[in-house]
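# Coordinates in review
Each chain is listed here by its residues.
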There are 2 protein chains.
Amino acid sequence: MTTRKRRPSGEASREHILSIALGLFREKGFDGTTMRDIAAAAGLSLGAAYYWFPSKEALVLAYYARQQDAHAAASREALERLPDLRSRLGAVMHAKLDMLKEDRKLLRAILRSTLGADEPTSVFSAETSEVRGQAIAIFLDAIGKDESVPEDARPLFAQALWTLHLGLLLYFVNDTSEDQTKTRALVDGSLDLVCNLAPPMLGPMRAEITALLQNAGLFAAKK
Amino acid sequence: MTTRKRRPSGEASREHILSIALGLFREKGFDGTTMRDIAAAAGLSLGAAYYWFPSKEALVLAYYARQQDAHAAASREALERLPDLRSRLGAVMHAKLDMLKEDRKLLRAILRSTLGADEPTSVFSAETSEVRGQAIAIFLDAIGKDESVPEDARPLFAQALWTLHLGLLLYFVNDTSEDQTKTRALVDGSLDLVCNLAPPMLGPMRAEITALLQNAGLFAAKK
DNA sequence: GTCTATATCCGGATAGAC
DNA sequence: GTCTATCCGGATATAGAC
């Protein structure tokens, strides 16, 4: 971040282009929207659009950051209010789905470039590690100080929940049921399972599971 | 399939193009290989390549079919020989990784267009339902008549294993450890867990889990 | 530093001639 | 069935206006 707060013309253009682009993405999908469309709709030249966003991908990265902020804001109140783990997790997940439900078409298109770690827009990439960390932090907040999860297992559990949430999002964007009720049921059912499995997880299998996740090291500290 | 067995020039061209294309994909990745490259390497014009494969995607679909046949063949012997569920599942999974280990770069590129159900090359699409069914069938064969899985739960369990296998493949293609030893450990650890969880799954939570998967209906009969 | 205009490259895809 | 020519859109480059 620079010291200056905001330049009147410059940053405004950037915001303007992003808003226009997201609108077009929602309307016509990602591939269906050309950079020429975006520039024209924003009342700028192609060159100007590329000046602010060096690629179509860069618009997606900006979109991630925006959604992540929105999700954190939407979750905050529930996280402070709700007393138990299960309902906090439900609130977090459903808040995310509510936020994304108009964007399923866009998300399907984005998903195509979202799962190979060497793609910049991948949810596993270095470029998205900050957003990813913030997303995992919401789950950590949801776990809070719940006694059913021992303190030293909380970061790992948050990462596992984030992974679960990815799987649910994958189902969500492809869900053809009315209002995606199937996804809602899947969220509730899988969270029930996870929360019911948590107690045994403290018992005999805990070391095993912890070692497994730790060894996988999907979420090693970002360099 | 048509009635004719094989046209000397035609089908041969098709096979030839596919082989050349897969070689280039392995070497330079999917995006790094152009249809012009493929056509040139195969000694044909661009138009001729498109005559046999209407899109780059079509080459991917043909690749799936080939790999599926190879995996079924590689698994068959172990399925007949190994006496217990756990070792059959391990053999099936490791056979798949052995088969795909030279293709991780290609797979990462393909993955990008592999998870939105409306993409033809998606693992969930109608276009791939036949290959998908064959892949699930291998897991069904691996379950066999094992008593730890009640007969009526076997199809569902096979589908769940296939889903697990997708997650493992996602990890596999991004695995940077030497010889992907981390993936191998993750395969063994998660299969141990699944097989240890199977007995409790027969008990109190069985109805719950079954209902959850059934309701999700990811694998509804192909129309 | 912000932007226009234009020309150009590249690769997937298609049309139509032979 | 195979070819050449062409279109389209993402991306880059450049020269210059303010």
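Residues numbered from 1 in each chain as written. Chains lettered and ligands numbered in written order. Predicted model: local features only at pLDDT ≥ 70, side-chain atom pairs only at ≥ 80, totals over all residues. Heavy atoms only, no water.

### Concerning the nonpolar core
- Grouped together as the largest cluster of nonpolar side chains are 119 residues, with contacts concentrated most on A:L59 and B:L59.
- In contact with A:L59, not counting residues within four places along its chain, are A:I17, A:L18, A:A21, A:F25, A:M35, A:I38 and A:F53. (Core = buried A, V, L, I, M, F, W, Y, C linked by side-chain atoms within 4.5 Å. Buried < 20%, exposed > 50% of the residue type's maximum accessible area, 1.4 Å probe, protein only. Contact = heavy atoms within 4.5 Å.)

### Notes on the protein's contact with DNA strand C
- Close to DNA strand C lie 19 residues, the nearest being A:S13, A:W52, B:M35, B:R36 and B:K56.
- Of all atoms in DNA strand C that approach within 4 Å of the protein, 67% are sugar or phosphate atoms.
- Within the backbone of A:S45, an N or O atom sits 2.8 Å from a phosphate oxygen of DNA strand C.
- Here a phosphate oxygen of DNA strand C sits 2.3 Å away from a polar atom, N or O, in the side chain of A:W52.
- At the level of elements, α1 (10-28) and α3 (46-52) of chain A together with α2 (35-42) and α3 (46-52) of chain B are the ones that each hand at least two residues to the surface near DNA strand C.
- A class-by-class count of the residues in the surface near DNA strand C yields eight nonpolar, eight polar and three charged. (Near = heavy atom within 4 Å. Polar contact = N/O pair within 3.5 Å; in protein donor to acceptor, adjacent residues only side chain to side chain. Helix = DSSP H or I, 4+ residues; strand = E, 2+ residues; numbered from the N terminus. Nonpolar A, V, L, I, M, F, W, Y, C, P; charged D, E, K, R; others polar.)

### Here we look at the relation of the copies chain B and chain A
- In screw terms, the move from chain B to chain A is a rotation of 180° and a rise of 0.1 Å along the axis, fitting with an RMSD of 0.2 Å. Here the symmetry operator amounts to a two-fold rotation axis.
- Here 100% of the interface residues in chain B have copies in chain A that are interface residues too; the copies meet face to matching face. (Least-squares fit on C-alpha atoms with pLDDT ≥ 70 in both.)

### Overview of the protein's contact with DNA strand D
- Around DNA strand D sit 15 residues, and of these A:T34, A:M35, A:R36, B:S45 and B:W52 come closest.
- For DNA strand D, the backbone makes up 60% of the atoms found within 4 Å of the protein, where backbone means sugar plus phosphate.
- The separation between a base nitrogen of DNA strand D and a polar side-chain atom of A:R36 is 2.6 Å.
- The contact in question runs from a phosphate oxygen of DNA strand D to an N or O atom on the side chain of B:Y51, over 3.4 Å.
- Put simply, the parts of the chain that give the surface near DNA strand D at least two residues each are α2 (35-41) of chain A together with α3 of chain B.
- The element best represented in the surface near DNA strand D is α3(B), accounting for four residues.
- For the surface near DNA strand D, a count of residues per class yields seven nonpolar, five polar and three charged.

### Concerning helix α5 (residues 85-100) of chain B
- For α5(B), built from 16 residues, the straight-helix expectation of 22 Å at 1.5 Å per residue is met to within 8% by its first-to-last C-alpha distance of 23 Å.
- All buried positions along α5(B) are accounted for by B:L85, B:R88, B:L89, B:G90, B:V92, B:M93, B:H94, B:A95, B:K96, B:L97, B:M99 and B:L100. (Expected span 1.5 Å × (residues − 1).)

### Side note on the confidence of the model for chain A
All names here are of chain A.
- With 88% of its residues at a pLDDT of 70 or more, chain A has an overall mean of 85.
- Mean pLDDT values for the elements of chain A range from 79 in helix α10 (residues 206-216) up to 96 in helix α5 (residues 85-100).
- Across residues 1-8 the pLDDT falls below 50, and counting only partners more than four positions away or on other chains, this stretch makes one contact in the model. (pLDDT = per-residue confidence, 0-100.)

### Structural notes on the environment of B:L106
All names here are of chain B.
- Relative to the assigned elements, L106 resides in helix α6 (residues 104-111).
- L106 sits 78 residues away from K28 along the chain, and the two C-alpha atoms are 8.2 Å apart.
- Dropping the residues within four chain positions of it, L106 is found in contact with F25, F30 and Y63.

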